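Listed here are the chains, written in short residue letters.
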Protein chains: 2
Amino acid sequence: MYRSHTCGELRESDVNKKVILSGWVHKIRDKGFVAWVDLRDRYGITQLVFDEDRTSTKLLEQARTLGREFVVQVKGEVIERASKNPNIPTGNIEVLVEELTLLNSSKTPPFTIENETDGGEDLRMKYRYLDIRRNLVKDNLIFRSKVAMAVRKYLSEQGFIEVETPYLIKSTPEGARDFVVPSRMNEGQFYALPQSPQTFKQLLMVGGLDKYFQIVKCFRDEDLRADRQPEFTQIDCEMAFVEQEDILNAFEGLTTFLLKEIKGVEIDKFPRMTFDDAMKRYGNDKPDIRFGMEFGELNEVAQHKDFNVFNSAELVVGIAIPGGNSYTRKEIDKLTDWVKRPQIGAKGMVYVRCNEDGTFKSSVDKFYDQEDLAKWANVTGATAGDLICVLSGEAHKTRTQLSALRMELAERLGLRKPDEFAPLWVIDFPLLELDEETGNYHAMHHPFTSPKPGQLELLETDPGAVRANAYDLVLNGNEIGGGSIRIHDKEVQSVMFKHLGFTPEEAKAQFGFLIDAFQYGAPPHGGIAFGLDRLVAILGGQETIRDFIAFPKNNSGRDVMIDAPAPIDEAQLKELNLKVDIRS
Amino acid sequence: MYRSHTCGELRESDVNKKVILSGWVHKIRDKGFVAWVDLRDRYGITQLVFDEDRTSTKLLEQARTLGREFVVQVKGEVIERASKNPNIPTGNIEVLVEELTLLNSSKTPPFTIENETDGGEDLRMKYRYLDIRRNLVKDNLIFRSKVAMAVRKYLSEQGFIEVETPYLIKSTPEGARDFVVPSRMNEGQFYALPQSPQTFKQLLMVGGLDKYFQIVKCFRDEDLRADRQPEFTQIDCEMAFVEQEDILNAFEGLTTFLLKEIKGVEIDKFPRMTFDDAMKRYGNDKPDIRFGMEFGELNEVAQHKDFNVFNSAELVVGIAIPGGNSYTRKEIDKLTDWVKRPQIGAKGMVYVRCNEDGTFKSSVDKFYDQEDLAKWANVTGATAGDLICVLSGEAHKTRTQLSALRMELAERLGLRKPDEFAPLWVIDFPLLELDEETGNYHAMHHPFTSPKPGQLELLETDPGAVRANAYDLVLNGNEIGGGSIRIHDKEVQSVMFKHLGFTPEEAKAQFGFLIDAFQYGAPPHGGIAFGLDRLVAILGGQETIRDFIAFPKNNSGRDVMIDAPAPIDEAQLKELNLKVDIRS
């Protein structure tokens, strides 16, 4: 037996007990006649004491040979500490060591095993197994496990069945790029790794398993943006014989349960907002509603004077920054520079200071008088002491720019509180999205998303105006889940394929088995998928998903710890009937 | 709202209620003035009644347009049935339909949606989404979900953390063949799909997460034998600061819990048997101990006469078939033919009839007298009415042949009862296995398995004799789990690599990151992995794993429903820097 207790377990009530502990040497303090060793395991830290009086000189000598991260087993007696440490649960006791066994030695680790470590990201990733010893990382992984268990518990109790769908499936050109897997047994043919189990979950609905879920890895061979992973985890869900309202209620239930169970936060009813409203009020389809700073549209109150920049703009829109009147001119100039950076792309920024005495001072005083500016303040909800920031231009672009500014300022002002949770359903998404490069419409969600009842005809006349039975669950400004009611009618599906530019032959080639399946009594159905990595990060009060993944990949899709991907043997390639053919 | 109740829910206490049901038309019986429709969903079947008197002729006409597997919604009143059906839970009631809505029509399905279907395996696999509507398949999937939840519940409560390990890892030539995934972003390089998370779970132990589990897909590109799948699911587990005894107890706990929770079977303590004993007593390292028919070794009592076949054999071994004396000569000849089939490979079979009067009649009466045969009966445990079957030859082969005969006869005699559960730990496996083709030893379990204490020296003199801290959990003659205590000492690991024929360079190239990790304080650790597919099948009283997988692949590794694998676009290949190069 390696241990009778863990290193996080012993308390004052255990004093006088003989115990066995195992763990890692976290720290050593040597005072000559006595030495203390902090012994660490997953559960905590226990102080060991080696004392030439109370035990033996030999044992003390042995303790002196230990180094950081050595693995040891000790037997000894729990004693009360002379100077207690109130900061750790075991701080009232220590273990007077009677026997010390070295289980393994250790090279000096390349960084300290502390929350505030001296190791940079790259080094920590290369030695991820040491990084995981740090409480921060370890606790994140334990937290993730807890969230996943809570999800499974809730959904199982609601009658959902977890079904494992296959990983070796078929490549479809639709959507993002697939990772493919060459088949040795089927020459020249390839499997694909699933981008999501979308078609399989719909087939399960056709198969009558009316409440499905799965926590499942998905794969996308995309050029990685910051904090994207080529493999990621979804909570994938689907229900049959449901309308949108049923799905929203079911997964509002799940999210409410998680917030309560994991964070102790009680939220009664999630607000709902249409996509159009979210764009109008926040310039964003995943608004963070933990704070205000809603958009005020100023066209009516700003396009009556000689200021051509505004007069020629499709949209003039502003937000009020609480307390922003305290900004210096220099600080405001910096903000202007910030929105003019190429990543944001604004042409400029107009501002209005709302003075404490009720007067206004703006960068466009030449064009607008106090009465005008009072109206702007009214529309943006600005009060004395605020700063109004105004952008203008093409509507969609301007909203996106102002949304970026809103989020940046909220961050700076500490309004994005990690322990505050504001869920929001965004509903009535557009069915189609215009691809600006090709001028074609493609499915915003996916080609099986159903249009709102009665809007099918609009596809002919105004495809961009068609709204879908599609919804996102937003939490603190992040999309944590999204889904839709699917098309279960084959006539509607053909109309959709036609409008998405598929010939019947192309549709058949890509989705043949699903189209076939839908001819055998497909029930009305719909679903949702949550990004587990992000959900866990947000519940954990953070936004970087990498910190919640045991072995993440870097931005080139590499695992720097195991050094993958890597070249493979020529023999392996030959068996797969493949040749590497680098065309530079 | 599509339904107020499911089709499995209504009882006599619901009579007079107005209800809404949705589901599939399972069966229609039309008596002219009245028609009954069996409406089916995941939860059961409810009888609907359409009656020109009690409702309307129009509704009855509408019901007549329905076909098998049409999807409908009905509103109506629960009434008591005139002729009750005690075979289904809803058999006391029916729903008098007041409103019928067709939700979807259906082509006539290619096979009947019944437990006893008219569809063959191939057809059912092609239309798996219809196959899943059959209770048998649906119930298996629900059962699997239940088992997986129970596993998670138990392990979580025991402090195990579920950690997701990566799917895109690095190919290692060791072991079975990897599936590989070309990397687009890293030219000419490949990921591999994990055959198991072995190295990652060991790294998690180095990282201090001392109780890990994961229910995880694994991949092996093997030529598929019957009932093997290229992707399969493991319950993968690892613990640190443990000895073999700790692991056996922990997972005996899990298995006991599952048997109790899922099957209501209470088993107190699992028996243990060494690998050597299992081979000697059952000719098999995964013996089915639900029944006897243990091997009796007959060398001593059969090699003293002139029967050269036995005298020249390394092993003469027999089993007693209960009641086998009733077999006709023809039946015994058939058994002899059965063991002589190339799949079994015995040269012949000697038999001894144990007559009711205590005399014996054997196929080798020319060589052995009654006294000899009485000794054989004594050794094999045969009693009056039994038949002793004796095989001889090279020891290992003969045991394997007799084991096959034992299992076949037990099957025929109905001794392998699906509702009886007999778990068994097989321990003390050999560390190394001789590869008969190359004459080299390779790791029986994997290269990180630790030899029994004190046996390291034997590696030099008698490698085949070294026993490992390796164990299998056997249930009803199937290996459901296997694992080992790992080597955590780098010196021992180098000795092992040497004996497995790795140069230090090769070891470094293949397992470099693990060897590195072991230099930073690896704790003593070990683990086990269960095959979930097989575990679920056996708990379900069956042995075919395919029946417990939602979308299985066939023996060529194909998914015939989605028709994968399949060729991919030239453009896709080009992006991956690959060329298909079929060399026939």
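Residues numbered from 1 in each chain as written. Chains lettered and ligands numbered in written order. Predicted model: local features only at pLDDT ≥ 70, side-chain atom pairs only at ≥ 80, totals over all residues. Heavy atoms only, no water.

A. Up close: the pairing of strand S22 (residues 525-531) of chain B. All names here are of chain B. Counting buried positions along S22 gives six out of seven residues, so the element sits mostly inside the fold. In this structure, strand S10 (residues 231-240) lies alongside S22, joined through seven bridges in antiparallel fashion. By the bridge assignment, methionine 239 is partnered in S22 with glycine 526. As defined by bridge partners, strand S21 (residues 478-485) adjoins S22 across five bridges and the pair is classed as antiparallel. For isoleucine 485, the partnering residue across the bridge sits in S22 and is glycine 526. (Buried < 20%, exposed > 50% of the residue type's maximum accessible area, 1.4 Å probe, protein only. Helix = DSSP H or I, 4+ residues; strand = E, 2+ residues; numbered from the N terminus. Pairing = 2+ DSSP bridges.)

B. View of the sheet that holds strand S17 (residues 423-427) of chain B. Residue and element names in this part refer to chain B. Read from one edge of the open sheet, eight strands run S6-S9-S10-S22-S21-S20-S17-S11, paired in mixed fashion. Two strands bound the open sheet, and with one partner strand each, they are strand S6 (161-162) and strand S11 (272-274). Across two bridges, S6 lies against strand S9 (residues 211-219) in parallel orientation. For isoleucine 161, the partnering residue across the bridge sits in S9 and is tyrosine 212. Along the sheet face, helix H5 (residues 198-206) touches S9, S10 and S22 and points at about 20 degrees away from the line of S10. (Contact = heavy atoms within 4.5 Å. Axes fitted to C-alpha atoms, helices over the stretch in contact; angles between N-to-C directions.)

C. How the structure looks around the relation of the copies chain A and chain B. With an RMSD of 0.1 Å, chain A superimposes on chain B once it is rotated by 180 degrees and translated 0.0 Å along the axis. Such a turn and shift between the copies fits a two-fold axis. A shared interface surface links the copies, since 100% of the contact residues of chain A are contact residues in chain B too. (Least-squares fit on C-alpha atoms with pLDDT ≥ 70 in both.)

D. The arrangement of the interface of chain A and chain B in detail. Contacts between chain A and chain B engage 124 residues on the former and 124 residues on the latter. Across the interface of chain A and chain B, roughly 11,300 Å² is buried in total on both sides, 59% from carbon and sulfur atoms. Per-residue buried area on chain A facing chain B is highest for A:Glu164, A:Phe241 and A:Tyr520; these three make up 8% of the total on that side. Put simply, chain A and chain B have 14 salt bridges between them. Here A:Asp221 and B:Arg184 are joined by a salt bridge, their closest N and O atoms 3.1 Å apart. Counting across the interface, chain A meets chain B through 65 residue pairs in polar contact (both at pLDDT 80 or more). Considered class by class, the residues forming the side of chain A that touches chain B number 63 nonpolar, 26 polar and 35 charged. As defined by bridge partners, strand S23 (residues 578-580) of chain A adjoins strand S23 (residues 578-580) of chain B across three bridges and the pair is classed as antiparallel. Looking at the pairing, A:Leu578 lines up with B:Val580 of S23(B). (Buried area = accessible area lost by both parts, 1.4 Å probe. Salt bridge = Lys/Arg side-chain N within 4 Å of Asp/Glu carboxyl O. Polar contact = N/O pair within 3.5 Å; in protein donor to acceptor, adjacent residues only side chain to side chain. Nonpolar A, V, L, I, M, F, W, Y, C, P; charged D, E, K, R; others polar.)

E. Region of the structure containing the packing of aromatic side chains. Applying the stated criterion to the full structure yields 49 aromatic pairs over all chains. Between A:Tyr167 and B:Phe219 the ring centres are 5.9 Å apart and the planes differ by 80 degrees, which places this aromatic pair in the edge-to-face class. On the criterion of chain membership, the pair formed by A:Tyr167 in the loop between strand S6 (161-162) and strand S7 (180-182) and B:Phe219 in strand S9 is interchain, its members lying in two chains. Both residues of the pair, A:Tyr167 and B:Phe219, count as buried. What links up through ring pairs into an aromatic cluster is the set A:Phe307, A:Phe310, A:Phe367, A:Tyr368 and A:Trp376. Over the aromatic face of A:Tyr127 sits the side chain of A:Lys126, whose NZ or CZ is 5.6 Å from the ring centroid. (Phe/Tyr/Trp six-rings, centres within 6.5 Å; stacked < 30°, edge-to-face > 60°. Lys NZ or Arg CZ within 6 Å of the ring centre and 35° of its normal.)

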